[in-house]
Number of protein chains: 2
Amino acid sequence: MPSGEPCTSPLELFNSIATQGELVRSLKAGNAPKDEIDSAVKMLLSLKMSYKAAMGEEYKAGCPPGDRAAGSHSDADAAKASEDFVDPWTVRTSSAKGIDYDKLIVQFGSSKIDKELINRIERATGQRPHRFLRRGIFFSHRDMNQILDAYENKKPFYLYTGRGPSSEAMHLGHLVPFIFTKWLQDVFDVPLVIQMSDDEKYLWKDLTLEQAYSYTVENAKDIIACGFDINKTFIFSDLEYMGQSPGFYKNVVKIQKHVTFNQVKGIFGFTDSDCIGCAWWKISFPAVQAAPSFSNSFPKIFRDRTDIQCLIPCAIDQGAQTKMSASDPNSSIFLTDTAKQIKSKVNKHAFSGGRDTVEEHRQFGGNCEVDVSFMYLTFFLEDDDRLEQIRKDYTSGAMLTGELKKTLIDVLQPLIAEHQARRKAVTEETVKEFMAPRQLSFHFQ
Amino acid sequence: MPSGEPCTSPLELFNSIATQGELVRSLKAGNAPKDEIDSAVKMLLSLKMSYKAAMGEEYKAGCPPGDRAAGSHSDADAAKASEDFVDPWTVRTSSAKGIDYDKLIVQFGSSKIDKELINRIERATGQRPHRFLRRGIFFSHRDMNQILDAYENKKPFYLYTGRGPSSEAMHLGHLVPFIFTKWLQDVFDVPLVIQMSDDEKYLWKDLTLEQAYSYTVENAKDIIACGFDINKTFIFSDLEYMGQSPGFYKNVVKIQKHVTFNQVKGIFGFTDSDCIGCAWWKISFPAVQAAPSFSNSFPKIFRDRTDIQCLIPCAIDQGAQTKMSASDPNSSIFLTDTAKQIKSKVNKHAFSGGRDTVEEHRQFGGNCEVDVSFMYLTFFLEDDDRLEQIRKDYTSGAMLTGELKKTLIDVLQPLIAEHQARRKAVTEETVKEFMAPRQLSFHFQ
């Protein structure tokens, strides 16, 4: 859950702050218009906050960061991190246990969502934290405390998330960030913008513009079926919306001006030897994805206010979560699956942490840590006590693999069926309404 | 005067054609909607035409071009061309005579504007060719015959030109492409779109968005003062218009998809060792500059028609033309200069092809080929007979340098004064009208 600014290498960030500081001084010296100065100061503060978040210490003029910095990519770091690799296009690990997320947090310079933060969210919203928070499924954040400061002071913020629309039926795992985003929208009662990056899909897939846009519409139906409030949610296609917002493209070039190639390289992790065609896209696209985190990209919603903070719920990967078996792509639970297909996929493909025989299982117990069905239950079974009981019973051997799988099937079948019923109710007209640039209803000071 | 498509290296172009051909076949096989097939076929034909223009022979499937190709950049070519270097940002020559444009034509794979083509333009329009054509000032084209074919068959085309707005007062040389474009608009009676690439200026200069836009407005006044027809001319700021046109951004991504890094590199001439920050801009910007050559970037003007050809008048450089003395930047004739300043600049700075003494000049004559005042007269003195008489008299020694300079001053003073009077009459309101996305009046079949 990073907010606002893209992250950067500490030295680049340091240099950006110095440059921005000079700009502010020269604007002030030249008696520039107030809004111009304000805007430059805002950018300066934002850069300083990013610096503090990345470095764990305040920016100090004249003291550039050394190599010790979290987030800097030395060769040694690279070697240490070589077993895990995560960038926006790849999630790769050589460890059987999966990605080491604690290490990633250090690499990305973000912070862990700890018990203290979860308690604060509960106090601020007066709502029980979502199971995704309680169970560490959403595990990392940047500047979430700043969002909560604003919220507690009745200052506005908004949510921004997105999806690269694809032709295939969406997987259950694709819904995870949307389920969490819907919860955030409900408990904070804030507006939400959802970017459908069909420009990206168009560039990289063998699609026409019309096909890319039609995937946007189809995927939007699944997103809408998650239950988003039409009065507080704006879904937009990059291909369409760039030509409908006076502020969007301006923010894209503004970001391009402030984020250098090296900063982008820092976040997106490609090397000088990377395919230069790929690099092209990788360099220009972040600005299109970052622009919606500035509120004046949405003048119909926020008018020309530039001071509204943005919280971005996002998933680092849906790798393990979407498939019953990593080696079989058809083992994913699709949102279009029938009850029978779900049953068959869970029974046939879900990797089991159970023993080879019932007798052994009763005697030694199963292993929840590697059991795919149990992992699915942590995502989709709401009842904490029941989940804990299952964990104990399966670990002790009191619960057999067949029973565990049956429990998961009983959770997934109605969940998918209800999603399908809601999706069926979403008409083309509903999608048009969600995608119309318009005022949203919310109460900001 | 290239039309439409950006140029590419022959092999890249060959591969693009092969890919596009496959797309057309698959669309046809899949019974895709007619407009989708038409659009793909149009792109295919356009690629094939570019191929023919570059190679001097038709595209032949399965026969990729060899190294013999005009426009291919082998090391040998590079070595031969090393004395001249022209790309969108630099015009450099080691020759005292200036850029060798014939060589450039070969390098860029464009064609020379020969007597035959000029005669055809005269027949088609029924108008005497502009002095810029008669005197070889606009010297190269791509596919101009195709535009004339269309025009003679009452098929529509439009003009597209542009300017990167800057804060400084514009030079006389900056007006050259606009003077020629106005003539084209008058004789062909066609709509014109003028791109103010303030996004580019914003990215590269130390400017705020607001400053970049204000330069657009100021520069637009000088452009309007050239006499463009408000009913047939649309001036647009990239920063503003990207958010006002449903088609502009779609065309940008479409071009990004079809033009690879290597093609861009071919046109814009940077190397792998080029500053990567510069490369970033150089790769992404051509798409923004190429998009206006597709008519559906302007739905208010052309609705969603995609079959309207575009003619792009442009200057390869205004280097020599804008300055009286290459070494003194203040020696340019500015559009804001007084009659006195013009007189002083011509007398003081204009490099002379005359002899050291009046006696020598009378005896041996002057050299028009290197005389800056004479060069200016070829640009701005309309009367061919008088120009020829001056050439003869100066070459023979009958005309002295002071007389030549006086002739130029007498031409430039009223030209600049009249421009200033017209510019003064251009109000902010007029600029707004020119920049409002709207219908233009023209008669297309």
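Residues numbered from 1 in each chain as written. Chains lettered and ligands numbered in written order. Predicted model: local features only at pLDDT ≥ 70, side-chain atom pairs only at ≥ 80, totals over all residues. Heavy atoms only, no water.

Describing the overall build of chain A
Here is step 1 of the chain: Per the secondary structure count, chain A includes 22 helices and eight strands.
Here is step 2 of the chain: Buried positions account for 51% of the 445 residues belonging to chain A.
Here is step 3 of the chain: Across chain A, contacts joining residues at least 24 apart in sequence account for 75% of those joining residues at least 6 apart.
Here is step 4 of the chain: For chain A, the exposed surface amounts to about 20,600 Å²; the carbon and sulfur share of it is 52%. (Helix = DSSP H or I, 4+ residues; strand = E, 2+ residues; numbered from the N terminus. Buried < 20%, exposed > 50% of the residue type's maximum accessible area, 1.4 Å probe, protein only. Contact = heavy atoms within 4.5 Å. Areas by Shrake-Rupley, 256 points an atom, 1.4 Å probe, with all protein chains shown as cover.)

Looking at the packing of helix α19 (residues 372-380) of chain A against helix α20 (residues 384-396) of chain A
Helix-helix packing: each pair is described by the crossing angle between the helix axes and the interaxial distance.
Residues and elements named next belong to chain A.
Here is step 1 of the chain: At their nearest, the axes of α19 and α20 sit 10 Å apart, and the two run at 165° to each other. Relative to α20, the element α19 lies roughly antiparallel. Crossing of α19 against α20: the hand is left-handed. Where α19 approaches α20, its residues Phe374, Leu377 and Thr378 are matched on the opposing element by Leu387, Ile390 and Arg391. (Axes fitted to C-alpha atoms, helices over the stretch in contact; angles between N-to-C directions. Parallel < 35°, antiparallel > 145°, perpendicular 65-115°, else oblique. Left-handed = near helix turned anticlockwise from the far one by under 90°.)

Section: helix α8 (residues 172-188) of chain B
Residue and element names in this part refer to chain B.
Here is step 1 of the chain: The end-to-end C-alpha distance of α8, which contains 17 residues, comes to 25 Å, matching closely the 24 Å that a straight helix rising 1.5 Å per residue would cover.
Here is step 2 of the chain: Counting buried positions over the 17 residues of α8 gives 14, a clear majority of the element.
Here is step 3 of the chain: In the stretch just after α8, Asp189 is the one whose phi turns positive, near 55°. (Expected span 1.5 Å × (residues − 1).)

Some points on the sheet that holds strand β5 (residues 157-163) of chain A
Residues and elements named next belong to chain A.
Here is step 1 of the chain: As summarised here, the arrangement of the four strands in space is β7-β6-β5-β8, forming an open sheet in which the pairing is parallel. Where the open sheet ends on each side, the last strands, each with one partner, are β7 (233-237) and β8 (309-311). On average, each strand axis in the sheet is tilted by 25° relative to the strand beside it, whichever way the strands run.
Here is step 2 of the chain: Bridge count for β5 against strand β6 (residues 192-196) is five bridges, and the pairing is parallel. For Gly162, the partnering residue across the bridge sits in β6 and is Gln195. (Pairing = 2+ DSSP bridges.)

Describing the pairing of β6(A)
Here is step 1 of the chain: Most of β6(A) sits inside the fold, with five of its five residues counted as buried.
Here is step 2 of the chain: Side-chain alternation along β6(A) places A:Leu192, A:Ile194 and A:Met196 on one buried face and A:Val193 and A:Gln195 on a second face that is also buried.

Notes on the sheet that holds strand β7 (residues 233-237) of chain B
Residue and element names in this part refer to chain B.
Here is step 1 of the chain: Strand order in the open sheet formed by four strands is β7-β6-β5-β8, and the pairing between neighbours is parallel. Where the open sheet ends on each side, the last strands, each with one partner, are β7 and β8 (309-311). Averaged over all pairs of adjacent strands, the angle between strand axes in this sheet comes to 25°, irrespective of strand direction.

Re the packing of α20(A) against helix α21 (residues 401-424) of chain A
All names here are of chain A.
Here is step 1 of the chain: Direction vectors running N to C along α20 and α21 enclose 160°, while the axes themselves pass 11 Å from each other. Classified by the interaxial angle, the pair formed by α20 and α21 is roughly antiparallel. Regarding α20 and α21, the two cross each other, and that crossing is left-handed. Seen from α20, the contacting residues are Arg386, Ile390 and Tyr394; seen from α21, they are Thr401, Leu404 and Thr407.
Here is step 2 of the chain: Of the residues that constitute the contact of α20 with α21, the class distribution is three nonpolar, two polar and one charged. (Nonpolar A, V, L, I, M, F, W, Y, C, P; charged D, E, K, R; others polar.)

Some details on the packing of aromatic side chains
All names here are of chain B.
Here is step 1 of the chain: According to the stated counting rule, one finds 42 aromatic pairs over all chains in the structure shown.
Here is step 2 of the chain: A centroid spacing of 5.6 Å and a plane angle of 20° characterise the contact between Phe234 and Phe236, whose relative ring orientation is stacked.
Here is step 3 of the chain: A relative accessible area of 1% means that Phe236 is categorised as buried. (Phe/Tyr/Trp six-rings, centres within 6.5 Å; stacked < 30°, edge-to-face > 60°.)

Considering the environment of A:Ser26
Here is step 1 of the chain: Along the chain, A:Ser26 turns up in helix α1 (residues 10-29).
Here is step 2 of the chain: Separated by 11 residues in the primary sequence, A:Ser26 and A:Ile37 have C-alpha atoms spaced 9.5 Å apart.

Quick look at the pattern of salt bridges
Residue and element names in this part refer to chain A.
Here is step 1 of the chain: Going through the model one piece at a time under the given rule, you end up with 38 salt bridges over all chains.
Here is step 2 of the chain: Among the ionic pairs, Arg120 bridges to Asp149, the shortest N-O distance being 2.6 Å. With Arg120 in helix α5 (residues 115-125) and Asp149 in helix α7 (residues 144-152), this pair connects stretches of sequence that are 29 residues apart.
Here is step 3 of the chain: Residue classification places Arg120 among the buried positions, given a relative accessible area of 13%.
Here is step 4 of the chain: According to the relative accessible area criterion, Asp149 is partly exposed, its value standing at 38%.
Here is step 5 of the chain: Note that Arg423 is salt-bridged to Asp222, the shortest N-O span being 3.0 Å. Taken together, the residues span a long stretch of sequence, with Arg423 in helix α21 and Asp222 in helix α10 (residues 209-224) at a distance of 201 residues.
Here is step 6 of the chain: A residue is classified by how much of its surface remains accessible, and Arg423, at 22% relative accessible area, is partly exposed.
Here is step 7 of the chain: For Asp222, a relative accessible area of 7% translates into the label buried.
Here is step 8 of the chain: Through salt bridges that share partners, Arg128, Arg131, Arg134, Arg135, Glu382 and Asp384 make up one connected network. (Salt bridge = Lys/Arg side-chain N within 4 Å of Asp/Glu carboxyl O.)

A few points about the side chain of B:Asn251
Here is step 1 of the chain: Within the secondary structure layout, B:Asn251 lies in helix α12 (residues 248-258).
Here is step 2 of the chain: When sequence neighbours within four positions are dropped, the list of residues in contact with B:Asn251 reads B:Ala291, B:Phe294, B:Asn296 and B:Ser297.

Here's the deal with the confidence of the model for chain A
Residues and elements named next belong to chain A.
Here is step 1 of the chain: Across chain A, the average pLDDT comes to 81, with 76% of residues at 70 or higher.
Here is step 2 of the chain: pLDDT under 50 marks residues 1-8. Its contacts with residues more than four places away, or in other chains, come to 35 contacts.
Here is step 3 of the chain: The model gives residues 270-278 a pLDDT under 50, and that stretch makes 10 contacts with residues more than four places away or in other chains.
Here is step 4 of the chain: Scoring the predicted complex yields pTM 0.75 and, for the interface, ipTM 0.73. (pLDDT = per-residue confidence, 0-100.)

Things to note about the pairing of β5(A)
Residues and elements named next belong to chain A.
Here is step 1 of the chain: Counting buried residues in β5 gives six out of seven residues, a clear majority hidden from the surface.
Here is step 2 of the chain: Note: β5 against β8, three bridges, orientation parallel. Residue Phe157 lies in a different strand from β8, and its bridge partner there is Gln309.

Observations regarding the side chain of A:Arg163
Residue and element names in this part refer to chain A.
Here is step 1 of the chain: Of note, Arg163 is situated in strand β5.
Here is step 2 of the chain: Residue class for Arg163 comes out buried when judged on its relative accessible area of 11%.
Here is step 3 of the chain: At 2.7 Å, the side chain of Arg163 forms a polar contact with the side chain of Asn219.
Here is step 4 of the chain: The contact partners of Arg163, leaving out residues within four places of it in the chain, are Met170, His174, Phe178, Gln195, Met196, Ser197, Asn219 and Ile223. (Polar contact = N/O pair within 3.5 Å; in protein donor to acceptor, adjacent residues only side chain to side chain.)

Digging into the environment of A:Ser140
Here is step 1 of the chain: Within the element layout of this structure, A:Ser140 appears in strand β4 (residues 140-141).
Here is step 2 of the chain: With 27 residues separating them along the chain, A:Ser140 and A:Ser167 place their C-alpha atoms 30 Å apart.

Considerations on unusual backbone geometry
Here is step 1 of the chain: Residues other than glycine seldom take positive phi values, yet A:Lys154 does so here, at roughly 60°.
Here is step 2 of the chain: When its relative accessible area of 59% is taken as the criterion, A:Lys154 is described as exposed.
Here is step 3 of the chain: At B:Asp143, a position not held by glycine, the phi torsion is positive, near 60°.
Here is step 4 of the chain: In this structure, B:Asp143 sits in the loop between β4 (140-141) and α7 (144-152).
Here is step 5 of the chain: Residue B:Asp143 is classed as buried on the basis of its relative accessible area of 18%.

Regarding the environment of B:Glu369
Residue and element names in this part refer to chain B.
Here is step 1 of the chain: Its location among the elements puts Glu369 in the loop between α18 (358-364) and α19 (372-380).
Here is step 2 of the chain: On the basis of relative accessibility, which here comes to 71%, the residue Glu369 falls in the exposed class.
Here is step 3 of the chain: Separated by 17 residues in sequence, Glu369 and Ser352 place their C-alpha atoms 10.0 Å apart.

Side note on the state of the cysteines
Here is step 1 of the chain: Inspection of every chain in the model, using the stated rule, returns zero disulfides over all chains.
Here is step 2 of the chain: Counting only cysteine sulfurs, B:Cys314 is the nearest neighbor of B:Cys310, a cysteine outside any disulfide, at a range of 11 Å. (Disulfide = S-S within 2.5 Å.)

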